[in-house]
Amino acid sequence: MLTGYLTLIPRKFYKVSCQTGFLPLKRRQTSFLKKDMKNAVIGNNKQKANLIVLGAVPRLLYLLQQETSSTELKTECAVVLGSLAMGTENNVKSLLDCHIIPALLQGLLSPDLKFIEACLRCLRTIFTSPVTPEELLYTDATVIPHLMALLSRSRYTQEYICQIFSHCCKGPDHQTILFNHGAVQNIAHLLTSVSYKVRMQALKCFSVLAFENPQVSMTLVNVLVDGELLPQIFVKMLQRDKPIEMQLTSAKCLTYMCRAGAIRTDDNCIVLKTLPCLVRMCSKERLLEERVEGAETLAYLIEPDVELQRIASITDHLIAMLADYFKYPSSVSAITDIKRLDHDLKHAHELRQAAFKLYASLGANDEDIRKKIIETENMMDRIVTGLSESSVKVRLAAVRCLHSLSRSVQQLRTSFQDHAVWKPLMKVLQNAPDEILVVASSMLCNLLLEFSPSKEPILESGAVELLCGLTQSENPALRVNGIWALMNMAFQAEQKIKADILRSLSTEQLFRLLSDSDLNVLMKTLGLLRNLLSTRPHIDKIMSTHGKQIMQAVTLILEGEHNIEVKEQTLCILANIADGTTAKELIMTNDDILQKIKYYMGHSHVKLQLAAMFCISNLIWNEEEGSQERQDKLRDMGIVDILHKLSQSPDSNLCDKAKMALQQYLA
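Residues numbered from 1 in each chain as written. Predicted model: local features only at pLDDT ≥ 70, side-chain atom pairs only at ≥ 80, totals over all residues. Heavy atoms only, no water.

### Quick notes on the overall build of the chain
Put simply, the rule reads: Strands are runs of DSSP state E lasting at least 2 residues, helices are runs of H or I lasting at least 4, and numbering of each runs from the N terminus. Only C-alpha atoms enter the radius of gyration, while the globule expectation follows 2.2 Å times N to the 0.38, with N the number of residues. When accessible area is computed with a 1.4 Å probe and restricted to protein chains, residues below 20% of their type maximum are described as buried, those above 50% as exposed, and intermediate ones as partly exposed. The criterion used for residue contact is that any of the two residues' heavy atoms lie within 4.5 Å. A positive count includes Lys and Arg, and a negative count includes Asp and Glu. His and the chain ends are not counted in either. A charged residue contributes its charge at one atom only: NZ of Lys, CZ of Arg, CG of Asp or CD of Glu.
Helix and strand content of the chain: 43 helices and 2 strands. Whereas a compact globule of 667 residues would reach a radius of gyration of roughly 26 Å, the chain reaches 34 Å, over 25% beyond that. For the chain, the spread of C-alpha atoms along the principal axes amounts to about 120 × 55 × 55 Å. Going through the 667 residues of the chain one by one, you find that 56% of them count as buried. For the chain, restricting intrachain contacts to residue pairs at least 6 apart in sequence, the fraction spanning at least 24 positions comes to 67%. Within the chain, the 72 negative side-chain charges are centred at a point lying 9 Å from the centre of the 74 positive side-chain charges.

This is how it looks when you write it as structure tokens:
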């Protein structure tokens, strides 16, 4: 057996092993693994690759799983396999192809602690590699509970298992599995371990468990460890005298618990501890990777909360501090150390991405903060440059930042126009991944508002066809943004623009959108129709060419199982049609529609009653030709009786509208 094994490894190893020929077989193998193979592969990727190519992995796994192998031999096999896994990603792929994970997991059933630790160490190395699918940890339902049971064996089992969990917990399904198997209870006490490595890995576990998970976060808030609540322990780990890694990870835990609703945004542990800690991480004194992590975590913390945004914006000159993120890599002449240049280049994209993200969160709501951001040195130029970066992540962050700033009416009229932001944005929309298209098209909606100076040049650049194309996307968010932008474009627009929209969109697509399963798409499509059907000449023109189809769509929606807001919008479209000179006849000659208007006048919901009232008021207005005939027909339908009842309504708005309508009959 030994001879067969040695043919798989380099000749120089063979010579060394022959010198140990007087040892018993198992001892020769163990000695060879310990003294020769292990030492040869440590820190030597070339030797690791050679051993793998020569077929050492299957043999090592065979020995690892043989019942006749001594525990010492099995342990040394696990150690060498772990060393091979620390090489290149191709090494890990080769190990995975040999089914190393089931073999190592089987080894965890051994009673020998040293062997268990060696298997866990190797598993840790493999699972932390980006080429290893996390799902391999969850394939066998017995693995997670067994790992939980091994947590109590030693500080090494605690460190390795927590590290495996933190790397393999990627989403709600994994969080649920770990949570249901007692991860919180089993890991909580490790936060007070004497071992720094154990404390850190436990902390990282909690950060991935709590991320966007209300169930876990609400549980963590109430967990006691040695008489202290978990959030209090996290706060202690935020202190300046603790290692930066610990401060950052603790801040992440508290941030994720806050975003999940387990901690209030005005809680002192957030306002006075977590937020200032994350701002500190953005300073020049910190390593580039720490600045990236600090800025991205802070952006996530303050994203939904106006007050946190305001506090952050005035903490340690944060807005100005972030401008430094764009100064990497430093000029080549200023860097003599090639390693430093390589490091700066590696993190330059990440820094810009993090800065854009944090600026986007800071400027999400407050006008004064947006103004400060835009007035930061060369800020608009940096964002515009970011829109054409090679990195998709930087482009996405730049678009998000621009979208956040575009919520300002003042900036739309000034800075956005001065820098012709619409031009690079239109380029982004021509060819980009969906994740960028969603944000870019959302921003385009803002640039197409009636007060935006960018609206006209965007129209001239072929935006109508581009947006109509988005309405056909399989992505609901893109359909919503496409139709939303068209809705803004149609608001108080000229007849030519409205005609272009209808021609490019086509009535077939318009009615497909009116039957879309996504409520937001339906609402924005109704909004588009409402804006198209405004001002009398436009209403009459559109209804003369598309009246039949529009009336059919209105009927279907009013008869369908839709919510109050959808039916209110539909009735408002009818009210607009009723305001046309010739278009109103399409309502008056449609008894089905008239009966529906009558029905909604008597509806239990005031919004629908008011919308129906607008229809009636526009139909019976005295100053318009044919009003007497329309009044008579509606009187015969019992509309006047309903108006008398509504004039006694407790809702003052509805009451006033009914009285105003009755005056048209008396005039």
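### Some words on helix α39 (residues 591-601)
Selection criterion: Think of the arc as the fan of directions from the helix axis to the C-beta atoms.
Taken together, the buried positions of α39 are Ile593, Leu594, Lys596, Ile597, Tyr600 and Met601. All buried residues of α39 project into a common sector of 160° when viewed along the axis, lining one side. On its buried face, α39 sits against α36 (536-559), α37 (564-578), α38 (585-588), α40 (606-620), α41 (627-636) and α42 (639-646).

### Some thoughts on the layout of surface pockets
The line we're drawing: Here the term cavity refers to a set of points on a 1 Å grid, laid over the protein atoms alone, in which a 1.4 Å probe fits but cannot get out; the term pocket refers to an open set having protein on both sides within 12 Å along at least five of seven lines, with lining residues being those that place an atom within 4 Å of a point. Grid points are joined across faces, edges and corners, and a volume is the space filled by probe spheres set on the points. For this scheme, ten residues count as nonpolar: Ala, Val, Leu, Ile, Met, Phe, Trp, Tyr, Cys and Pro. Four count as charged, namely Asp, Glu, Lys and Arg, and the remainder, Gly too, count as polar.
Considering only enclosed or pocket space, the largest pocket measures out at about 1,200 Å³ in volume. Surrounding the largest pocket, 37 residues form its lining, Phe211, Tyr256, Glu296, Tyr300 and Lys357 being those nearest its centre. Of all elements in the fold, only α11 (155-168), α12 (172-180), α14 (196-210), α17 (244-259), α19 (288-302), α22 (338-362) and α25 (392-405) reach the threshold of two or more residues within the lining of the largest pocket. Counting residues per element, the lining of the largest pocket draws most heavily on α19, at 8 residues. The residue makeup of the lining of the largest pocket, split by class, is 13 nonpolar, 10 polar and 14 charged. Each pocket or cavity is described by its volume, and for the second largest pocket that value is around 340 Å³. If you list the elements that add at least two residues to the lining of the second largest pocket, you get α8 (100-107) and α10 (143-150). Examining the composition of the lining of the second largest pocket, we find that 5 residues originate from one element, α8, more than from any other. Residue composition of the lining of the second largest pocket, by class: 9 nonpolar, 5 polar and 1 charged.

### Describing the nonpolar core
Defined as follows: Put simply, a nonpolar core is a bunch of buried Ala, Val, Leu, Ile, Met, Phe, Trp, Tyr and Cys residues held in one set by side-chain atoms that sit within 4.5 Å of each other.
Residues Phe206, Leu362 and Leu574 are the most contacted members of the largest nonpolar core, which totals 232 residues. In contact with Phe206, other than residues within four places in its own chain, are Val184, Ile187, Ala188, Leu191, Leu220, Leu230, Phe234 and Cys253.

### Observations regarding a negative patch on the surface
To keep things clear, this is the line we draw: Residues enter a patch when their relative accessible area is above 30% and they make no salt bridge; the linking distance is 9 Å between like charges and 5 Å between nonpolar side chains (Val, Leu, Ile, Met, Phe, Trp, Tyr). All accessibility values rest on the Shrake-Rupley procedure with a 1.4 Å probe; residue burial counts only the protein chains present in the view. Put simply, a salt bridge is a Lys or Arg side-chain nitrogen that is within 4 Å of an Asp or Glu carboxyl oxygen.
The grouping of Glu625, Glu629, Asp632 and Asp636 at the surface amounts to a negative patch. In this structure, Asp636 sits in helix α41. Look at Asp636 and you get exposed, because its relative accessible area is 68%.

### Some details on the side chain of Arg124
Heads up, the condition is: Here a polar contact means two N or O atoms within 3.5 Å. Within protein one must be a hydrogen donor candidate and the other an acceptor candidate, and residues neighboring in sequence count only if both atoms are side-chain atoms.
Mapped onto the elements, Arg124 comes out in helix α9 (residues 113-127). For Arg124, a relative accessible area of 14% puts it in the buried group. Within the structure, Arg124 has its side chain in polar contact with the side chain of Gln163 (distance 3.1 Å). Beyond its immediate sequence surroundings of up to four residues, Arg124 is in contact with Glu159, Tyr160, Gln163 and Ile164.

### Re the pattern of salt bridges
Counted by the stated rule, this structure contains 27 salt bridges. Between Glu389 and Arg352 there is a salt bridge, with the nearest N and O atoms lying 2.6 Å from each other. Note that Glu389 is positioned in the loop between α24 (379-386) and α25 and Arg352 in helix α22, a separation of 37 residues in sequence. Across the pair, exposure class does not vary: Glu389 and Arg352 are buried alike.

### Description of the environment of Asn488
Of note, Asn488 is situated in helix α32 (residues 476-490). Sequence separation between Asn488 and Lys633 is 145 residues, and the spatial gap between their C-alpha atoms is 37 Å. Leave out the neighbours within four places in its chain, and Asn488 touches Cys445, Leu448, Leu449 and Lys455.

### Some points on the confidence of the model for the chain
For the record, the criterion: You can read pLDDT as the predictor saying how much it trusts each residue, on a scale of 0 to 100.
Mean pLDDT over the chain: 90, with 91% of residues reaching 70 or higher. Note on residues 1-26: pLDDT is under 50 here. Beyond four places in sequence and across chains, it has 38 contacts.

### So, the packing of aromatic side chains
Note the following rule: In this scheme Phe, Tyr and Trp rings, the latter by its six-membered ring, pair at centre separations within 6.5 Å, and the angle between planes marks the pair as stacked below 30 degrees, edge-to-face above 60, and tilted otherwise. Two limits define a charge over a ring: the Lys NZ or Arg CZ must be within 6 Å of the ring centre, and within 35 degrees of the ring normal.
According to the stated counting rule, one finds 7 aromatic pairs in the structure shown. Centroid distance Phe211 to Tyr300: 5.6 Å. Interplanar angle 40°. Geometry classified as tilted. Taken together, the positions of Phe211 in the loop between α14 and α15 (214-221) and Tyr300 in helix α19 put the pair 89 residues apart, joining distant regions of the chain. Lying over the aromatic face of Tyr300, Arg259 brings its terminal NZ or CZ to 4.2 Å of the ring centre. Above the face of the Trp484 ring, Lys524 is positioned so that its terminal group lies 3.9 Å from the ring centre.

### Side note on the side chain of Ser441
Looking at the secondary structure, you find Ser441 in helix α29 (residues 434-447). Within the structure, the side chain of Ser441 is placed 2.6 Å from the backbone oxygen of Leu437, a separation counted as a polar contact. Engagement of the side chain of Ser441 in a polar contact is seen with the backbone oxygen of Val438, the distance being 3.1 Å. Filtering out sequence-adjacent residues up to four positions away, Ser441 remains in contact with Leu429, Leu470, Leu478 and Asn481.

### So, the packing of α42 against helix α43 (residues 652-666)
So the rule is basically this: Note on geometry: axes are C-alpha line fits, over the in-contact stretch for helices, and angles between N-to-C directions span 0 to 180 degrees. Relative orientations are named as follows: roughly parallel for angles under 35 degrees, roughly antiparallel for angles over 145 degrees, roughly perpendicular for angles from 65 to 115 degrees, and oblique for any other angle. Crossings are assigned a handedness: left-handed for a near helix turned anticlockwise from the far helix by less than a right angle, right-handed for a clockwise turn.
Their axes nearest at 8 Å, the elements α42 and α43 cross at an angle of 140°. As summarised for this structure, α42 and α43 are arranged oblique, according to the angle between their axes. Like other packed secondary-structure pairs, α42 and α43 cross with a definite hand, here left-handed. Contacts from Val640, Leu643, His644 and Leu646 in α42 reach Leu654, Cys655, Ala658, Ala661, Leu662 and Tyr665 in α43. Grouping the amino acids of the contact of α42 with α43 by side-chain chemistry returns 9 nonpolar, 1 polar and no charged.

### Quick notes on unusual backbone geometry
Backbone geometry follows two general trends: most residues other than glycine have a negative phi, and most peptide bonds adopt the trans configuration. The backbone phi angle of His99 is positive, close to 60°, even though this residue is not glycine. Secondary-structure assignment places His99 in the loop between α7 (89-97) and α8.

### Comments concerning the packing of helix α6 (residues 71-85) against α7
The interhelical angle for the contact between α6 and α7, taken along N-to-C directions, is 135°, at an axis separation of 8 Å. Looking at the two axes, α6 sits oblique to α7. From α6, Leu81, Leu84 and Ala85 reach across to α7, where they touch Asn91, Val92 and Leu95. Tallied by class, the residues present in the contact of α6 with α7 amount to 5 nonpolar, 1 polar and no charged.

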